[in-house]
Amino acid sequence: MAIVWKPVWEEITIEYEGIKVRTVMDKETGLIACPICMTQVLKKKRSMKELEDETMFFFDGQSLIHHLATHGT
Ligand SMILES: [Zn+2]
């Protein structure tokens, strides 16, 4: 039996070391999504499945900011 995760996104603003990032958080799990990765999914450049496989979700703002740096700002 497969477990299907259906995120309920809530808009939030993350603040870490003076960097403010507007993104979405899943109400159920408290996971924060990377806004850049999410945008790529919305623009259909990538699939939601692909996004989940690459684990672009984080439990805290610090991890998200560090991930964002890998996108190259
Ligand atoms: Zn990302």
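None of the values given here were measured: they were computed from a predicted structure. (Residues numbered from 1 in each chain as written. Predicted model: local features only at pLDDT ≥ 70, side-chain atom pairs only at ≥ 80, totals over all residues.)

1. What about the overall build of the chain?
Which entries qualify depends on this criterion: Helix and strand definitions follow DSSP, with helices as H or I runs of at least four residues and strands as E runs of at least two, each counted in order from the N terminus. Partly exposed residues are those whose C-beta has more than 12 but fewer than 20 other C-beta atoms within 10 Å; with 20 or more the residue is buried, with 12 or fewer it is exposed, and the C-beta atoms are placed from the backbone. The contact criterion used here is simple: two residues whose C-beta atoms, placed from the backbone, lie within 7 Å are in contact.
When you go through the chain residue by residue, the secondary structure sums to 3 helices and 4 strands. When the helices and strands of the chain are listed from N to C terminus, the series reads β-β-β-α-α-β-α. Expressed as a percentage of its 73 residues, the buried residues of the chain come to 15%. Counting only contacts in the chain whose residues sit at least 6 apart along the sequence, the fraction spanning at least 24 positions is 39%.

2. A short note on the pairing of strand β1 (residues 9-16)
Condition: DSSP bridges decide pairing: two strands pair if at least two such bridges lie between them.
Of all 8 residues that make up β1, 0 are buried, and the element is exposed over most of its length. Across 8 bridges, the pairing between β1 and strand β2 (residues 19-26) is antiparallel. Considered in β2, the bridge of E11 is made with V24. The hairpin formed by β1 and β2 contains 2 residues between the paired strands, and E17 there has a positive phi angle of roughly 50°.

3. Looking at the nonpolar core
Note the cut-off: The term nonpolar core refers to a set of buried Ala, Val, Leu, Ile, Met, Phe, Trp, Tyr and Cys residues connected through C-beta atoms within 7 Å.
Grouped together as the largest cluster of nonpolar side chains are 10 residues: M25, I32, A33, C34, C37, M56, F57, F58, L64 and L68. Listing elements by their share of this core, those giving two or more residues are β3 (32-33), β4 (57-58) and α3 (61-71). For M25, the residues in contact, after removing those within four places along its chain, are E10, I12, G30, L31 and I32.

4. Here we look at unusual backbone geometry
Leave glycine aside and you will find that most residues have negative phi; peptide bonds, for their part, are mostly trans. In this structure, E17 is a non-glycine residue whose phi angle is positive, near 50°. Within the fold, E17 resides in the loop between β1 and β2.

So, to be careful, I would describe these as geometric facts and stop short of saying anything about function.
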